[in-house]
Amino acid sequence: QYESGEATQYISRRAAIRKLQLSLNDFRRLCILKGVYPREPKHRRRAQKGSSEIKVLYHTKDIRFLLHESIVWTLRDYKIFAKKSNRDRAIQDFRNLNRRLALFPEIKLDHIVKERYPTFIDALKDLDDCLTLLFLFSTFPSLHLIPREQSNLCRRLTVEFLHYVIASKSLRKVFISIKGYYFQAEIKGQKVTWIVPHYYPFKPQSRQEVDFKVMSIFVEFYTIMLGFTNFRLFHSLNLAYPPQFPSSLLQDNEDTIKDEASFVSDRIAALNFELLRTDKVQEDEEELDIDMELLEQDGDSKRILKMKQEAQEMTRLRSLFKGLKFFINREVPREPLVILIRSFGGKVSWDSSIFPGSAFEESDETITHQIVDRPSLATQYISRDYIQPQWLFDCVNRRQLLPTNKYFLGEKLPPHLSPFVDSKRDSYIPPEEKALLDPSLIETHEQSDDESEDEPEKEEETVDQELLDAQLQLAYQQETAEYKKYGGPDGVNEDELEPEEEDEDEDDDDEDEDEEEELDAHTRRLKEEKEKMTVQSGKVHKVNKRQVHKAEVDEHRLQARMVKPRHRNLFRKLIREKQTKEKEEWLLRKKRRTIEAGEKEDRKVAKREARKLAAEAAAKACKMIK
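Residues numbered from 1 in each chain as written. Predicted model: local features only at pLDDT ≥ 70, side-chain atom pairs only at ≥ 80, totals over all residues. Heavy atoms only, no water.

Trainee: How do you make sense of the confidence of the model for the chain when you look at a structure like this?
Mentor: Parts of the model with low pLDDT should not have their predicted coordinates read in detail. Averaged over every residue, the pLDDT of the chain is 80; the share at 70 or more is 78%. For the stretch residues 283–290, pLDDT sits under 50, and the model shows seven contacts to residues farther than four places along the chain or on other chains. Here residues 488–505 scores under 50 on pLDDT; set against residues more than four positions off or in separate chains, the count is nine contacts. (pLDDT = per-residue confidence, 0-100. Contact = heavy atoms within 4.5 Å.)

Trainee: How should the state of the cysteines be read in this particular structure?
Mentor: Between two cysteines, a covalent bond joining their sulfur atoms is known as a disulfide. Evaluation of the coordinates by the stated rule reveals zero disulfides. The closest cysteine sulfur to the non-disulfide-bonded Cys130 is located on Cys154, 9.0 Å from its own sulfur. Cys130 gets classed as buried once you look at its relative accessible area, which sits at 0%. (Disulfide = S-S within 2.5 Å. Buried < 20%, exposed > 50% of the residue type's maximum accessible area, 1.4 Å probe, protein only.)

Trainee: Teacher, can you tell me more about the sheet that holds strand β3 (residues 171–176) here?
Mentor: Backbone-to-backbone hydrogen bonds pair the strands of a sheet. The strands run either parallel or antiparallel. Across the sheet, three strands lie side by side as β3-β4-β5; this open sheet has antiparallel pairing. What marks the edges here is a single partner per strand, and that holds for β3 and β5 (190–197). Pairwise comparison of adjacent strand axes, ignoring direction, gives a mean angle of 15° for this sheet. Across the sheet, helix α11 (residues 148–168) is in contact with β3, β4 (180–187) and β5; its angle to β5 comes to roughly 130°. Contacting β3 and β4, helix α18 (residues 390–398) runs over the sheet at an angle of about 135° to β3. (Pairing = 2+ DSSP bridges. Helix = DSSP H or I, 4+ residues; strand = E, 2+ residues; numbered from the N terminus. Axes fitted to C-alpha atoms, helices over the stretch in contact; angles between N-to-C directions.)

Trainee: Looking at this structure, I do not really get the side chain of Arg384. What am I missing?
Mentor: Turning to its location among the elements, Arg384 is positioned in the loop between β8 (369–371) and β9 (385–387). Put simply, Arg384 is tucked away with no salt bridge, and the nearest opposite charge, on Glu362, sits 4.9 Å away. Within polar-contact distance, the side chain of Arg384 engages the backbone oxygen of Glu362 at 2.9 Å. If sequence neighbours within four positions are ignored, Arg384 has contacts with Glu362, Ser363, Asp364, Ile367, Thr368, His369 and Gln370. (Lys, Arg positive; Asp, Glu negative; His and termini not counted. Salt bridge = Lys/Arg side-chain N within 4 Å of Asp/Glu carboxyl O. Polar contact = N/O pair within 3.5 Å; in protein donor to acceptor, adjacent residues only side chain to side chain.)

Trainee: Help me understand the sheet that holds β9 in this model?
Mentor: Strand order in the open sheet made by the four strands is β7-β6-β8-β9, with parallel pairing throughout. Each end of this open sheet is capped by a strand with a single partner; those strands are β7 (347–350) and β9. Each adjacent strand pair in this sheet contributes to an overall mean axis angle of 25°, direction not counted. Bridging between strand β6 (residues 325–328) and β8 involves three bridges; their strand directions are parallel. Following the sheet pairing, Phe327 is matched in β8 by Gln370. Against the sheet, helix α17 (residues 334–343) engages β6, β7 and β8, with an angle of about 155° to β7.

Structure (structure tokens):
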């Protein structure tokens, strides 16, 4: 028993460590570097050979694969090195100790990178986590488990990658969130998304919350991987690698190591310099024009037209800020804005007295936009627009230069919509996003103050009109009832006529009745036609929610009956997911209604206070005149 099947396909972590003859920390490090992770078996009891205890399991073939890895011998050499160096330190044999330190065993990860990513496209597909982690570590100060050399290496590699994004103009989407700044670039046809964290003073974390030792193992592998990737990307653009920065930047001295602000400002300043090329500068627009000519020869099919439209849109996006000069105020976070502006052809600068790397001064008259994040400025230039930082992000996501009037100083900014969500999703879509997708669905959520105050007057007018119509209808009904009761407009009742006169008029009445029947049929027909032609007030169709809910429940029960017994768990899972989506959508709609109601009430209160103040001022003016 348990000599075939799942029992032989899985191995516990304890047995794997015993087989590899490594410690738990070394085994964890080896698995991270090689990309081997625990597996969840389909039948845990069988995989654990009848044991009901929950164990960490690995594929047996993965552990067999690790047996032939050369790093295993290096990890064993570490153990031998630690024992011998401790012995030399204990007997104070410093000559031998220095000799051993010079021969310290080093792990080489180049072959692992080539092994895990056989092609360059495979490395680009797995670049998201790599960039996010390295951008995070590039902001860390010197810690016990994170030496300064590691954060310096992360800073250099991330700056090199950003320079490639700027030079190739491959940035496509940006978004501001609580976690940080989301960026998405299209490199060799692959979409690469990463997060640049907000810059805050570092707050030490307890080891229980964050295991920096495990994270540093990932960083050790990712630095080698990103180094290979940067080398390949730079040579694809004929850029010199490693890039040459000014001697005053990215140099590690005592000031930059101690001062965290200068460490960050050097990284930002390095982004504002042009890189050296190995050939003459070639315009990317010419290549795109050639591609457009090739597309025009293929015909006018829908696919070709769509490709033409996308190519034209890309050319406009790559030169979105071309010819514009931006100046960033000191209170605005500079790093994401420098990446944005330079990636789309703009020029950027800041106050040279505070941060290094500025290109021009604030007094330059050719500046077109100044980015400010404060309610007002003491001195302003007429020749430039003073905007808030969100304008840049919204322009990139909309792929066009938006009007700046909604982003002026002190203005309430429009909602910042995420470009990473699917526009055709089934969940809740904000009205602003609907308006962007379909301009005919634009909803005026913010009513003017006059309209909000005139609402009660309009309601009173409609009520009066309804009362008047009801009175006229009642009078008409009374008049028709009297006409039928008394037989004519002269007010004489037919029942009060004398019997003699009735006998005399019987023959005439019979003849008149036949004529009246013909006339009545004709008038009735005309009346029905007139009623069809008249405009009648519409009636509100009230939906019975209870009946609708009952119909949905009955339909759900019928669906549940038709599901096979083996698929019932899957059916229940789908129903639960649907219910959670509906609940989330309902909560978002409720939140939106609450916010809009509060804003409307605030506008009303502000208008009333303004009217009171105006009335008080008018009264004071009258008193002064008297």
